[in-house]
Amino acid sequence: MFFFKKYCSFNVSLKIFILVLFLFFSVNFYLFYKLIWLVGYVPNTAPVLAVQKNVEKGSNHGENIAKKQCVVSNLTTLYHNRITQLKRELSDFFQKTPNSAELPKRFNQFKETLIRSNPSNEAIEQIYFTNGQLIKVLKTATLLKASNSGRGSQLKLLLQLSNNITAIFKPKWYRTNEVINGSVYSGKDRHYGEVVAFYLSILFDFKKVPVAAIRKLNINELLLVSDQALLETFISKNNYTCFYGVCHYCSPSDLLCSESNILEGTAIIFVSFDNKLKLIRHPWGRTYKCKSLAKWETDNKYCTYVRNSKFYSKKQNAALFFDLVDASIFDFLIDNGDRHHYEYVESSGVPRMIFFDNGKSFGNPYVDHIDILAPLYQCCLLRNSTWNTLLHLRGGNLSYWLRKLMAADPDLVIDEKHFIALERRLLLIFTVLKDCFKRKGMQNVILN
């Protein structure tokens, strides 16, 4: 009231000046607020331990198109808070660099495969998952034929190369320093994620990820060897040669265009198991619906439900259950929250999970989606071999040895922020295990 009376006593010019000043600051404040709301600002200085929100899967490769608040699992929030509290207690243990000969041994074994000419003493499945010599073949072998892959929902090509090699080609959609915002499964596949996943599997000695390498295709050569179905999707736009392929989400409005006639992507060895490969839904798969949670997100005893299920209760499938736990650790490190199904093959009578499709990885180095680790923190069970590998990787060994392995592919580059994220997520894995040890005892968690 006092201000209003004071305002009325001013002359007309001063009144107009004050009114304009007020409107100026009000409009600017409103525009600033709307800008922050629209871009969803995430500071680059502090990583986020995310409670994953389910969002509707849109038509554009699973990108987050929902603008409404989605259901968040209370169980995920509970583990998120518990792990945040325990994280501080592990800093000294995590920073210690172990005196280990195991990682150099795995590195040297891989280096030997780079020059080995005939790895015929290995089982055929192991050749394709460990033979470093295939890297050179994938990068340089002559392209004989190209066609649509027909596998999955995104654009992929099937390449026939010399040396009797077949490869899946995932094209480059993003720069390696580009941050993918939104849900954990937002955006298209990151081609470099497939290659980094292969090298990470070597560190873990998993032998579950197919050999992958950065490959650069000449667009004119690709045109010459493409089959008719693929050729029909090629068009010229703004003096660029573009194509869109054939897949679930492929369309003329979503073109892939070459830069200077060079098309970069990742070539992944196509592994044939003579129709012995079996596909099964991942028990910790997401619903991809904004208002609907999966059973594992609401049931605190979900792990018991899985282990007692008809499939996983069979003695011969016990290894697959522990593969799921290994996969959760692997996927959490690379930030792959899109493993809705998985494939397995019987090797020497024992089913073995294969880590195909690792492209939805390395999207956002500032966010850690803790619910990817649900099989680990709900079951609190882990192979002794995986536990020992985790111990070897702490103290900076993870990023150090991963860099050395990645040097085998000179074209492979990822942003430094992703190495920082890998080390941070490894600490969170130890934090989850510490929580398990507190609740169940280490002897009941780490099993041979």
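As a reminder, the structure under discussion sits directly above these lines.
Just so it is clear, the structure is predicted and the values come from calculations on it, not from any experiment.

Quick notes on the rules
Starting from 1, residues in each chain are numbered consecutively following that chain's sequence as written. Where local features are concerned, this predicted model is filtered to residues with pLDDT of at least 70; where side-chain atom pairs are given and counted, the filter is 80 or more; whole-chain, interface and lining totals use all residues. Side-chain calculation: all heavy atoms of the structure are included, whereas hydrogens and water are not. Put simply, DSSP marks the helices as runs of H or I at least four residues long and the strands as runs of E at least two long, and each gets a number from the N terminus on. Contact criterion: two residues are considered in contact whenever any of their non-hydrogen atoms come within 4.5 Å of each other. The Shrake-Rupley method, run with a 1.4 Å probe, gives the accessible areas here. Residue values count only the displayed protein chains as cover. Joining through side-chain atoms within 4.5 Å is the link that ties buried Ala, Val, Leu, Ile, Met, Phe, Trp, Tyr and Cys residues into a set, and such a set is a nonpolar core. Residue exposure (1.4 Å probe, protein chains only): buried if accessible area is under 20% of the type maximum, exposed if over 50%, otherwise partly exposed. What counts as a disulfide here is a pair of cysteine sulfur atoms lying within 2.5 Å. Multiplying 1.5 Å by the residue count of a helix minus one yields the expected span of that helix. Strand pairing is defined by DSSP finding a minimum of two bridges between the two strands. Note on geometry: axes are lines fitted to C-alpha atoms, helical ones only across the stretch in contact, with angles between N-to-C directions running from 0 to 180 degrees. Counted as a polar contact is a pair of N or O atoms within 3.5 Å, where, for protein atoms, one must be capable of donating a hydrogen and the other of accepting one, and residues adjacent in sequence contribute only when both atoms are in side chains. Each aromatic pair joins two rings of Phe, Tyr and Trp (for Trp, the six-membered one) with centres within 6.5 Å, and gets the label stacked for planes under 30 degrees apart, edge-to-face for over 60, and tilted for any other angle. We define a salt bridge as a contact between a side-chain nitrogen of Lys or Arg and a carboxyl oxygen of Asp or Glu at a distance within 4 Å.

Observations concerning the overall build of the protein
Part 1 of the reasoning: Counting its secondary structure elements, the protein contains 16 helices and 15 strands.
Part 2 of the reasoning: Long-range contacts, defined as pairs at least 24 residues apart, comprise 74% of the intrachain contacts of the protein with a sequence gap of at least 6.
Part 3 of the reasoning: For the protein, the accessible area works out to roughly 22,100 Å², and carbon and sulfur atoms hold 54% of it.

A short note on the nonpolar core
Part 1 of the reasoning: Core analysis: the largest hydrophobic core is formed by 116 residues, its most contacted members being Tyr-199, Leu-222, Phe-243, Trp-284 and Phe-321.
Part 2 of the reasoning: Here Phe-321 is in contact with Trp-284, Cys-303, Val-306, Arg-307, Tyr-312, Cys-379 and Leu-381, once residues within four sequence places are set aside.

Describing unusual backbone geometry
Part 1 of the reasoning: A positive phi angle, close to 50°, is found at Lys-207, a residue other than glycine.
Part 2 of the reasoning: Of note, Lys-207 is situated in the loop between α8 (191-204) and β5 (212-218).
Part 3 of the reasoning: Even without a glycine there, the phi angle at Asp-357 is positive, about 55°.
Part 4 of the reasoning: Its place among the elements puts Asp-357 in the loop between β12 (350-354) and β13 (367-369).

Regarding the state of the cysteines
Part 1 of the reasoning: Following the criterion strictly, the structure yields 4 disulfides and no others.
Part 2 of the reasoning: Bridging Cys-242 to Cys-257, the disulfide has an S-S length of 2.0 Å. Since a negative S-S torsion denotes a left-handed disulfide, the Cys-242-Cys-257 link at about 105° is right-handed. Of this pair, Cys-242 sits in strand β7 (residues 240-243) while Cys-257 is found in strand β8 (residues 256-257), placing the two residues 15 residues apart along the sequence.
Part 3 of the reasoning: For Cys-242, a relative accessible area of 0% gives the class buried.
Part 4 of the reasoning: The exposure class assigned to Cys-257 is partly exposed, which follows from its relative accessible area of 32%.
Part 5 of the reasoning: With its sulfur 1.9 Å from that of its partner, Cys-247 forms a disulfide with Cys-250. Measuring the twist about the S-S bond at about 100°, one finds the Cys-247-Cys-250 disulfide to be right-handed.

Notes on α8
An α-helical turn contains 3.6 residues, so a residue and the one three or four places further along point in the same direction.
Part 1 of the reasoning: In this model α8 runs 21 Å from its N-terminal to its C-terminal C-alpha over 14 residues, within 8% of the 20 Å that 1.5 Å per residue would give.
Part 2 of the reasoning: Of all 14 residues in α8, 14 are buried, a share of seventy percent or more.
Part 3 of the reasoning: Phi for Asp-205, located one or two positions after α8, is positive at around 60°.

A few points about the sheet that holds β7
Part 1 of the reasoning: Read across the open sheet, the 3 strands follow the order β6-β7-β8; overall the sheet is antiparallel. Bordering the open sheet on either side are β6 (234-237) and β8, each of which pairs with just one other strand.

Quick word on the sheet that holds strand β2 (residues 143-148)
Part 1 of the reasoning: The strand order across the open sheet built from 5 strands is β2-β3-β4-β9-β5, with neighbouring strands paired in antiparallel fashion. Edge positions in the open sheet fall to β2 and β5, since each of these has one partner strand only. Averaged over all adjacent pairs, the angle separating strand axes in this sheet is 35°, with direction ignored.
Part 2 of the reasoning: Here β5 runs beside strand β9 (residues 262-269); their pairing, made up of 7 bridges, is antiparallel. Residue pairing across strands places Leu-217 opposite Leu-263, the latter belonging to β9.
Part 3 of the reasoning: Of the strands in this sheet, β3 (157-161), β4 (165-171), β5 and β9 touch helix α7 (residues 133-140), which is tilted by about 20° from β5.
Part 4 of the reasoning: On the sheet, α8 packs against β4, β5 and β9 and is oriented at approximately 35° with respect to β9.

As for the side chain of Ser-186
Part 1 of the reasoning: Locating Ser-186 in the fold gives a position in the loop between β4 and α8.
Part 2 of the reasoning: Residue Ser-186 is classed as buried on the basis of its relative accessible area, which comes to 2%.
Part 3 of the reasoning: There is a polar contact of 2.8 Å between the side chain of Ser-186 and the backbone nitrogen of Ser-183.

A closer look at the packing of aromatic side chains
Part 1 of the reasoning: Inspection of the entire model under this criterion finds 19 aromatic pairs.
Part 2 of the reasoning: With 5.0 Å between their ring centres and 25° between their planes, Phe-204 and Phe-206 make a pair best called stacked.
Part 3 of the reasoning: Between Phe-206 and Phe-355 the ring centres are 5.9 Å apart and the planes differ by 75°, which places this aromatic pair in the edge-to-face class. Of this pair, Phe-206 sits in the loop between α8 and β5 while Phe-355 is found in the loop between β12 and β13, placing the two residues 149 residues apart along the sequence.
Part 4 of the reasoning: Taking relative accessible area as the criterion, Phe-355 reaches 0% and is therefore assigned buried.
Part 5 of the reasoning: Through successive ring pairs, a cluster of aromatic residues spans Phe-204, Phe-206, Phe-330 and Phe-355.

What about the pattern of salt bridges?
Part 1 of the reasoning: The full count for this structure, using the stated rule, is 21 salt bridges.
Part 2 of the reasoning: Asp-409 is paired through a salt bridge with Lys-139; the nearest N and O atoms lie 2.7 Å apart. In this pair, Asp-409 sits in the loop between α15 (397-406) and α16 (416-440) while Lys-139 sits in helix α7, placing the two residues 270 residues apart along the sequence. Each member of the pair, Asp-409 as well as Lys-139, carries the same accessibility label: buried.
Part 3 of the reasoning: Its salt-bridge partner being Asp-254, residue Lys-188 comes within 3.6 Å of it at the nearest N-O pair. In this pair, Lys-188 sits in the loop between β4 and α8 while Asp-254 sits in the loop between β7 and β8, placing the two residues 66 residues apart along the sequence.
Part 4 of the reasoning: Judged by relative accessible area, which is 9%, Lys-188 ranks as buried.
Part 5 of the reasoning: Put simply, Lys-139, Lys-216, Asp-409 and Asp-411 are held in one network by salt bridges that share partners.

Take it as geometry only, folks, not as evidence of what the structure does.
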